[in-house]
Amino acid sequence: MRTEDLINALVVDLTVSKAPFRRMLVGGIALGSIIAIAEFLFWIGVRPDFGHAMETIRFPFKFVVTLSLAATAARLLSRLATPGVSSGFWAWAWLAAPLLLMVAATAELIVTPATAWWPRLVGTNARFCLMLIPFLSLGPLACIFAALRQGAPTRPGLAGAVAGLVASGVAATLYASHCTDDSPLFMATWYSLAIGMVALIGYVIGSRVLRW
Amino acid sequence: MGLRVVEREWGLLMRAAIDGDAMAYRRLLVSLTPVLRTVTRRNCARIGLDGGEAEDIVQEVLLAIHLKRHTWDVDRPFGPWIMTIARNKLIDARRRRGNRLTLPIDDLADILTAEGSDDTADRGDLDRMLGGLGERQRDLVRSLSVEGRSVRETAERLKMSEGAVRVALHRAIKALAALYRGDGDEN
């Protein structure tokens, strides 16, 4: 079969039309988020003093960090899965969230006495953080991967890792609304660990599943 | 021919194709093929593949263009999109032979100033790849491509509905891409 014959087949197959990839990715993130929200509300739920907590600074700050991570990682992911487009600014933008967290954690270290550091870091909910963030990430991760398989990522592992950042960013946002540990030091330790785990899982799965 | 002119022409054809214009799509693929051949042959020597495998890679790139066509953003230039796909497939081909490699993306301008190749003597490995499909799938693909029959004729011959023929063709094309990639059973 010659190349010209292959072209014949491809032309016939043109009628199978698809949505633009970017739309699919947005759809995947949206659907995954809905799944995570449903799981969260059904099994976990927001903390009872949510209203009160929103009046502090540290509580809303958690969402600033998690949402900006998810959003910047999503922009990067879209570029990674599109051939011929450089990541440019978005290759670095996602670092803003962890950096912001580092600054906040450092500030906390400065203003609290040294005796309080270790208790704040360990907190009371580390176990739940490490379990629930990855758990809530699974739905978004699956949906994002389904969308990514329609894309063409030049580096499948990297794309998978960034997908992990998006998924765990969503999951961390939900978990943060439940968790009563608002210390940035706690967050910098345990959320980073949980998000890092999900990114690693994303890398491993992506390397296998996102080749095209 | 000017780079911008060709790139823009391809972009227009691709846009029409995405809207369902089969004639534009055919013109696009036919126009791309000799350029892809040039890119591939030029790089085959560089990465240690022989010329016979070049046509394999050209076909693999065409498959990728087809299956990933909706990743092209109509607001972006067509050149970098297609060159990145070609480069990825070349790297994949090289990696399948067990070596890692970094390849610079050829500048589209260089390619276009070189002679395009219309040499159709290479049959490529498509025959072998077709062998990896089921017999019914192979018949169907042969009928639509080599024999150039219409969907309706193929449907009558194989006693299927036209819709079923299209679905089966699409699956076969995805299976072909997987076979080129080296995944055994993606069906």
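Since the model is a prediction, treat every value here as computed from it, not as a measurement.

**Student:** What is the right way to look at the overall build of chain B in this model?
**Tutor:** On a plain count of helices and strands, chain B comes out with nine helices and zero strands. Its helices and strands in sequence order give chain B the pattern α-α-α-α-α-α-α-α-α, from N to C terminus. The proportion of buried residues among the 187 residues of chain B is 50%. Sequence-distant contacts in chain B: of pairs separated by 6 or more residues, those separated by 24 or more amount to 65%. Carbon and sulfur atoms provide 48% of the accessible area of chain B, an area that totals close to 9000 Å².

**Student:** Explanation requested: the nonpolar core in the structure shown.
**Tutor:** The nonpolar side chains of a soluble globular protein tend to be buried with one another. By size, the foremost hydrophobic cluster in this structure holds 62 residues, and its most contacted members are B:L36 and B:F78. Setting aside anything within four residues of it in sequence, one finds B:F78 in contact with B:E7, B:W10, B:G11, B:M14, B:L28, B:L32 and B:W72.

**Student:** Help me understand the interface of chain A and chain B, please; the structure alone is not making it clear to me.
**Tutor:** By a widely used convention, the size of an interface equals the accessible area lost when the partners come together. Counting residues at the interface gives 35 residues for chain A, matched by 47 residues for chain B. Roughly 3800 Å² is buried in total at the junction of chain A and chain B, and carbon and sulfur atoms are behind 61% of that figure. Linking chain A to chain B there are two salt bridges. For the pair chain A and chain B, the interface holds 16 residue pairs in polar contact (both at pLDDT 80 or more). Only helix 1 (3-12) and helix 2 (21-43) of chain A provide two or more residues apiece to the side of chain A that touches chain B. Considering every element that reaches the side of chain A that touches chain B, the biggest residue donor is helix 1 of chain A, with ten residues. Of the residues in the side of chain A that touches chain B, the class split is 17 nonpolar, nine polar and nine charged.

**Student:** Can you help me understand the side chain of B:T40 in this one?
**Tutor:** With respect to the helices, strands and loops of the structure, B:T40 is situated in helix 2 (residues 22-47). Those residues in contact with B:T40, other than ones at most four positions away along the chain, are B:A54, B:I57, B:V58 and B:L90.

**Student:** What should I look at first to understand the pattern of salt bridges in this one?
**Tutor:** For side chains bearing opposite charge, pairing can occur when the charged atoms are close. With the rule as written, the count across this model stands at 15 salt bridges over all chains. Residues A:E108 and A:R58 are paired through a salt bridge, measuring 3.1 Å at the closest nitrogen-oxygen approach. Separated by 50 residues along the polypeptide, A:E108 in helix 6 (residues 96-111) and A:R58 in helix 4 (residues 58-80) bring together distant segments of the chain. On the basis of relative accessible area, A:R58 is assigned to the partly exposed category, the value being 35%. For B:D92, the salt bridge goes to B:K89, with nearest N and O atoms at 4.0 Å. One end of the pair is B:D92 and the other is B:K89, both in helix 4 (residues 78-96) and three residues apart, which spans about a single turn. Overlapping salt bridges bring together A:R47, A:D49, A:K62 and A:D182 as one network.

**Student:** Is there a simple way to explain the packing of aromatic side chains in this structure?
**Tutor:** We describe a pair of aromatic rings using the distance from one ring centre to the other and the angle between the two ring planes. Residues and elements named next belong to chain A. In this structure the tally under the stated criterion is nine aromatic pairs over all chains. With a centroid separation of 5.1 Å and an interplanar angle of 90°, the aromatic rings of F59 and F63 are classed as edge-to-face. Linking F59 with F63, this pair stays in helix 4, spanning four residues, or about one helical turn. Taking relative accessible area as the criterion, F63 reaches 14% and is therefore assigned buried. Both rings, one in Y175 and one in Y191, keep their centres 5.8 Å apart while their planes meet at 55°; by these two values the pair is tilted. Here Y175, found in helix 9 (residues 156-176), pairs with Y191, found in helix 10 (residues 184-209); they are 16 residues apart in sequence, far enough to count as distant. On the basis of relative accessibility, which here comes to 1%, the residue Y175 falls in the buried class. A cation over a ring is seen here: R127 above F128, with NZ or CZ 5.8 Å from the ring centre.

**Student:** Just checking my understanding: could you explain the environment of A:L100 for this structure?
**Tutor:** Residue and element names in this part refer to chain A. Relative to the assigned elements, L100 resides in helix 6. As for L100 and A188, which are separated by 88 residues in sequence, their C-alpha atoms are 9.8 Å apart. Each residue touching L100, except ones within four places of it in the same chain, is listed here: F61, V64 and V65.

**Student:** Which parts of the structure should I look at to understand the side chain of B:K89?
**Tutor:** According to the relative accessible area criterion, B:K89 is buried, its value standing at 2%. Apart from the residues lying within four places of it in its own chain, the contact partners of B:K89 are A:W212, B:I57, B:E60, B:V61 and B:A64.

**Student:** I would appreciate a short explanation of unusual backbone geometry in the present structure.
**Tutor:** Backbone geometry follows two general trends: most residues other than glycine have a negative phi, and most peptide bonds adopt the trans configuration. All names here are of chain B. Despite not being glycine, K159 shows a phi value in the positive range, around 55°. Within the fold, K159 resides in the loop between helix 8 (151-158) and helix 9 (162-181). Taking the relative accessible area as the measure of exposure, K159 reaches 73% and is therefore exposed.

**Student:** Got a minute to help me understand helix 4 of chain B in this structure?
**Tutor:** An α-helix turns once per 3.6 residues; consequently, residues spaced three or four apart project the same way. Taking 1.5 Å per residue, 19 residues should reach 27 Å; helix 4 of chain B reaches 28 Å between its end C-alpha atoms and fits that length. The element helix 4 of chain B is largely enclosed, with a buried count of 14 among its 19 residues.

**Student:** Sorry if this is basic, but what is going on with the packing of helix 1 (residues 3-18) of chain B against helix 4 of chain B here?
**Tutor:** Residue and element names in this part refer to chain B. At a minimum axis separation of 9 Å, helix 1 and helix 4 run at an interaxial angle of 80°. In this view, helix 1 runs roughly perpendicular relative to helix 4, as classed from their interaxial angle. Between helix 1 and helix 4, the residues in contact are E7, W10, G11 and M14 and F78, G79, P80 and W81, respectively. Tallied by class, residues from the contact of helix 1 with helix 4 come to five nonpolar, two polar and one charged.

**Student:** Can you help me understand the layout of surface pockets in this one?
**Tutor:** By volume, the largest pocket amounts to about 840 Å³. In terms of lining, the largest pocket is formed by 32 residues, of which the most central are A:P153, A:T154, A:R155, A:P156 and B:R95. Contributions of two or more residues to the lining of the largest pocket are made by helix 4, helix 9 and helix 10 of chain A together with helix 4 of chain B. Here the element with the most residues in the lining of the largest pocket is helix 9 of chain A; it accounts for seven residues. Approximately 590 Å³ is the volume attributed to the second largest pocket. Taken together, 28 residues form the lining of the second largest pocket, with A:P20, A:F21, A:R22, B:H70 and B:D73 sitting closest to its centre. Tallying contributions element by element places helix 2 of chain A first for the lining of the second largest pocket, with six residues. Counted by class, the lining of the second largest pocket contains 15 nonpolar, six polar and seven charged residues.

What counts, and where the lines are drawn
- Residues numbered from 1 in each chain as written.
- Chains lettered and ligands numbered in written order.
- Predicted model: local features only at pLDDT ≥ 70, side-chain atom pairs only at ≥ 80, totals over all residues.
- Heavy atoms only, no water.
- Helix = DSSP H or I, 4+ residues; strand = E, 2+ residues; numbered from the N terminus.
- Buried < 20%, exposed > 50% of the residue type's maximum accessible area, 1.4 Å probe, protein only.
- Contact = heavy atoms within 4.5 Å.
- Areas by Shrake-Rupley, 256 points an atom, 1.4 Å probe, with all protein chains shown as cover.
- Core = buried A, V, L, I, M, F, W, Y, C linked by side-chain atoms within 4.5 Å.
- Buried area = accessible area lost by both parts, 1.4 Å probe.
- Salt bridge = Lys/Arg side-chain N within 4 Å of Asp/Glu carboxyl O.
- Polar contact = N/O pair within 3.5 Å; in protein donor to acceptor, adjacent residues only side chain to side chain.
- Nonpolar A, V, L, I, M, F, W, Y, C, P; charged D, E, K, R; others polar.
- Phe/Tyr/Trp six-rings, centres within 6.5 Å; stacked < 30°, edge-to-face > 60°.
- Lys NZ or Arg CZ within 6 Å of the ring centre and 35° of its normal.
- Expected span 1.5 Å × (residues − 1).
- Axes fitted to C-alpha atoms, helices over the stretch in contact; angles between N-to-C directions.
- Parallel < 35°, antiparallel > 145°, perpendicular 65-115°, else oblique.
- 1 Å grid on protein atoms, 1.4 Å probe; cavity = no way out; pocket = protein on both sides within 12 Å on 5 of 7 lines; lining within 4 Å.
- Points joined across faces, edges and corners; volume = space filled by probe spheres on them.

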